[in-house]
Amino acid sequence: MTLRLISQTLQPTDAARVSRETRAVLGGALLGQPSGLAVPLWPVQRIAAPVLGAGAAVVEESWQADQTLLSGQSEGIVWSRAGNLLYGVIDLDESLFAVSLASTPLQAASNEAYRRIFRLLEAQQLPHLWRVWNYLADITGESHGLERYRQFNIGRQDAFLEFCRGATGNVPAACAIGLAESPLSIAFMAGDQPAVPVENPRQVSAYHYPAAYGPRSPTFSRAALVYPPGQEILFISGTASIVGHQTVHPGDVVGQCREALTNVAAVVAEANRLGRSLPYALNELSYRVYVRHAGDFPAVRETLSPLIGAKAEAVYLQADICRADLLLEIEAVASHTLGNS
Ligand code: 3EB
């Protein structure tokens, strides 16, 4: 089985071109602000952030499988399965969750979303969570006396612990990004084989961040190597200008851009040490770059382009990063086939 990530740019008038194929598409994402595009029939995460540098375009990213799919819905999760691999999306309206002494609505919604995901993975007997894409509104805003990203982190970590998964070491690759007016939206990929978690020697593992960043640490690894049959996929988590646990180059978008890519390179080097396929190179990755201020986009693209190679696939989105002093975040993915040996 082979999983391939296909990225195509659509103009708003291209309604008919949104892939309505269900046989081959495991799932994916629509990046941008579509108006009147056709609705994909596969599990889709809507990332309603402006796509930078592409007019009013929408980018469709879909994972194509060369194997029959099984699809379903479970507790609000729309999912699809190819062999022993599953992709799902859940959107929750946090206003449906009550405030309690124990929990804010966002914390409760985050916890509930992850509990539903873990229940589905247990039912499908595909327990290993590989990669998670988290989006929420107003990520650095504060309510109920706590920053919203920190509320999310409590709900997420509680779910990992409640399902006896542990919240350090063997945790999925992830991103957590702020979008205006987004529901809590979580997409995930999971399988029957554990991922190989990858950390960054230049950074404190996020699950060991000190309490200054919130009462609970974020539950993610810096990257994950995962193994569909005959294939190795490298998922690099959202990567920012953080060294140790501290933000570096505050206010300097070019400095942050170089530092974030140095971190990506360090994670790639670590993945190459741990992986089973030929080494990954920066110019073969597909990148998603979140830029806080749209006006920084030209400088970010000019800085990144020579470092990742002009031909590297890169989608730039305007979105909020989870620390107020972070101006951008870079995530990436690549895939290698494995020999029969
Ligand atoms: C960082 O390194 C930047 O909470 O799932 C990056 C990737 C970040 C994932 C998450 C947060 C997350 O801490 C923020």
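Keep in mind the model is a prediction, meaning the values are calculated, not measured. (Residues numbered from 1 in each chain as written. Predicted model: local features only at pLDDT ≥ 70, side-chain atom pairs only at ≥ 80, totals over all residues. Heavy atoms only, no water.)

**What about the pattern of salt bridges?**
At step 1: Within this structure, the stated rule accounts for 13 salt bridges.
At step 2: Across the pair E147 and R150 runs a salt bridge, and its minimum N-O distance is 3.2 Å.
At step 3: R150 sits in the partly exposed class, given a relative accessible area of 24%.
At step 4: Note that R202 and E259 form a salt bridge whose closest N and O atoms lie 2.6 Å from each other. Pair noted here: R202 is in the loop between strand 13 (196-198) and strand 14 (223-226) and E259 is in helix 3 (residues 253-274), with a separation of 57 residues, a long-range link.
At step 5: Put simply, E61, R131, R288 and E331 are held in one network by salt bridges that share partners. (Salt bridge = Lys/Arg side-chain N within 4 Å of Asp/Glu carboxyl O. Buried < 20%, exposed > 50% of the residue type's maximum accessible area, 1.4 Å probe, protein only. Helix = DSSP H or I, 4+ residues; strand = E, 2+ residues; numbered from the N terminus.)

**Topic: the site of the ligand**
At step 1: As a structural note, the neighbourhood of the ligand is formed by 13 residues, with Y149, R156, Y209, F220 and R222 the closest of them.
At step 2: At 2.8 Å, a side-chain N or O of R222 approaches an oxygen atom of the ligand.
At step 3: Taking 360 Å² as the accessible area of the ligand by itself, protein coverage stands at 100%. (Near = heavy atom within 4 Å. Polar contact = N/O pair within 3.5 Å; in protein donor to acceptor, adjacent residues only side chain to side chain. Areas by Shrake-Rupley, 256 points an atom, 1.4 Å probe, with all protein chains shown as cover.)

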